[in-house]
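Architecture at a glance
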Amino acid sequence: MDIATIKQRQQVAWASGDYAAVGARFPLTAELLCEAADLRAGERVLDVACGSGNAALAAARRFCQVTGVDYVPSLLDRARRRAEAEGLHATFQEADAEELPFPDGSFDAVLSTCGAMFAPDQEQTARELLRVCRPGGRIAMVNWTPDSYVGALFRAIGRHLPAPPGIRPPVEWGSEARLRELFGPHVTISAPRRSFHWRFLSAEHQAEFFATCYGPTHRALATLNAESAAQLRREMVETVKEFDVSDDATLVLRMDYLEAVIRTPSAR
C-alpha cells in the first residue's frame, strides 16, 4: 500500500468520531509544553497536526503569532470557533505534516501535541519540522510513549486490523532514542517522561467514549465485522483497566507521554 493511500485512510479515520471532544479533555499537556518550550510573546509559532487547536491556543494565550495546520477541515473549524470564543488570535489552515506549505525557517517554535507522531512517513515528517523551524529555534512535542495506554490501545487495534507493512508504530515518537534517529546528531533534545490523569466514570465509560469519539477506534469498530468489533470492545475495556490508578469505583486513567523539546543548531 502506498503512502498516499495510507494517508487517505488515516484522514478518514481522524475525521470520524469527534476528536475535538477528546482533545478538549487534555489541554494541560499543551500548556505545559508551551512552558517547556519557553515561548515568548511575539514569537512565530506553528502547531502541526493541530486538531482542534490545543497547542495553538496555548501559544496564542502567550501572545505569540500562531498558525495551526491540520488535514481534517472539521477540526480546523472547531479550532477557529474556540479561538473566537476565547478572544484569541490564531490562523488555521489545511495542510499535511509531511508537506508543510511554508518557507524554510519560517517559525521560531514548531509544536505538536499527539499529532505529527501519527503521520505515516516519520522521517519525512521530522525533516519538515526541522525545515520550517529557524536555526536556533525549538521543536516541542507531546508524544505518547510505547508503554502507555495509547500504545497498548493501538496494539489491541493492530491485532484486528494490522498496520500496512513498512509503517512504524506512531508511539515510537515517544522514545528519546527514536527522536535522536529522526532529528539527527546536530540537535539537542530534552525529553522527560510525563503523565497526567484522565478521569471517567468507569472503564466501560471510557471505552464507550473512545468508541464514539476517538477516530482510530471509532473507524476500526465500524470496519470490523460484528464479532470482531465486539471482541475489540472487550479488549478496550481490559486495556484501560491496566492503567487505572483509582482507589474507588471510578476510573483514573494514567496517560504517559514524552515531553520533548528539540533545539536546532544556530546558524553559523
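Just so we're clear, the structure is a prediction, and the values are computed from it rather than from any experiment.

Glancing now at helix α1 (residues 3–15). Given a rise of 1.5 Å per residue, 13 residues ought to cover 18 Å, and the 18 Å separating the end C-alpha atoms of α1 matches this to within 8%. Where α1 is concerned, the buried positions are Ile6, Lys7, Gln10, Ala13 and Trp14. In an axial view of α1, the angular spread of the buried residues amounts to 120°, which keeps them on one side of the axis. Facing away from the buried side of α1 by more than 90 degrees, the exposed set consists of Ala4, Gln8 and Arg9. Against α2 (19–23), α5 (73–86) and α10 (215–223) lie the buried residues of α1. At the N-terminal end of α1, a side-chain oxygen is found 3.0 Å from the backbone nitrogen of Ala4, two or three residues along, and the residue is Asp2. Where α1 ends, the next residue or the one after it, Gly17, has phi of about 65°, a positive value.

With that settled, the discussion passes to the nonpolar core. Among the nonpolar cores identified, the biggest contains 95 residues, and Trp144 and Phe183 are the most heavily contacted of them. Discounting residues that sit within four places of it in the chain, Phe183 has contacts with Ala126, Leu129, Leu130, Ile139, Met141, Trp173 and Ile262.

Most of strand β1 (residues 44–48) is tucked away, with 4 of its 5 residues classed as buried. Bridge analysis of β1 against strand β2 (residues 65–70) gives 5 bridges, and the strand direction is parallel. Bridge assignment links Arg44 to a residue of β2, and that residue is Gln65. Once you follow β1 into helix α4 (residues 54–60) and on to β2, the crossover reads as right-handed. Sheet topology places β1 next to strand β4 (residues 107–113); 3 bridges connect them, and they run parallel. In the strand pairing of β4, Val45 is matched with Ala109.

Space inside the largest pocket adds up to approximately 910 Å³. Around the largest pocket, the lining comprises 29 residues; the ones closest to its centre are Gln10, Ile157, Leu161, Ala163 and Pro164. When contributions to the lining of the largest pocket are tallied by element, the ones reaching two or more residues are α1, α7 (149–160) and α10. Top element by residues in the lining of the largest pocket is α1. It accounts for 6 residues. The residue inventory of the lining of the largest pocket, partitioned by class, reads 20 nonpolar, 5 polar and 4 charged.

Here we take up the packing of helix α9 (residues 203–213) against α10. Running from N to C, α9 and α10 cross one another at 80°; their axes reach a closest spacing of 5 Å. In terms of their interaxial angle, α9 and α10 are classed as roughly perpendicular. Each of Phe210, Ala211, Thr212 and Cys213 in α9 lies in contact with α10, whose residues at this interface are Gly215, Thr217, His218 and Leu221.

Before going further, it helps to spend a moment on the pattern of salt bridges. This structure, assessed with the given rule, holds 26 salt bridges. Of the charged contacts, one joins Arg78 and Asp18 as a salt bridge, the two residues approaching to 3.4 Å between their closest N and O atoms. Of this pair, Arg78 sits in helix α5 while Asp18 sits in the loop between α1 and α2, and the two are 60 residues apart along the sequence. Overlapping salt bridges, with partners in common, bring together Glu31, Glu35, Arg61, Arg62 and Glu86 in one network.

This next bit is on the environment of Ile6. Note on placement: Ile6 falls in helix α1. With 167 residues separating them in the primary sequence, Ile6 and Trp173 have C-alpha atoms 18 Å apart.

The next point concerns the packing of aromatic side chains. Considering all chains together, one arrives at 21 aromatic pairs under this definition. Relative to Tyr214, the ring of Tyr19 lies with its centre 6.2 Å away and its plane at 45°, an arrangement referred to as tilted. In this pair, Tyr19 is assigned in helix α2 and Tyr214 in the loop between α9 and α10, connecting sequence segments 195 residues apart. A residue is classified by how much of its surface remains accessible, and Tyr214, at 4% relative accessible area, is buried. With a centroid separation of 6.3 Å and 55° between ring planes, the pair formed by Phe196 and Trp198 is classed as tilted.

The rules behind the values
Residues numbered from 1 in each chain as written. Predicted model: local features only at pLDDT ≥ 70, side-chain atom pairs only at ≥ 80, totals over all residues. Heavy atoms only, no water. Helix = DSSP H or I, 4+ residues; strand = E, 2+ residues; numbered from the N terminus. Expected span 1.5 Å × (residues − 1). Buried < 20%, exposed > 50% of the residue type's maximum accessible area, 1.4 Å probe, protein only. Arc of directions from axis to C-beta. Contact = heavy atoms within 4.5 Å. Polar contact = N/O pair within 3.5 Å; in protein donor to acceptor, adjacent residues only side chain to side chain. Core = buried A, V, L, I, M, F, W, Y, C linked by side-chain atoms within 4.5 Å. Pairing = 2+ DSSP bridges. Right-handed = clockwise from strand over helix to strand, strands pointing away. 1 Å grid on protein atoms, 1.4 Å probe; cavity = no way out; pocket = protein on both sides within 12 Å on 5 of 7 lines; lining within 4 Å. Points joined across faces, edges and corners; volume = space filled by probe spheres on them. Nonpolar A, V, L, I, M, F, W, Y, C, P; charged D, E, K, R; others polar. Axes fitted to C-alpha atoms, helices over the stretch in contact; angles between N-to-C directions. Parallel < 35°, antiparallel > 145°, perpendicular 65-115°, else oblique. Salt bridge = Lys/Arg side-chain N within 4 Å of Asp/Glu carboxyl O. Phe/Tyr/Trp six-rings, centres within 6.5 Å; stacked < 30°, edge-to-face > 60°.

By themselves these figures say nothing about function.
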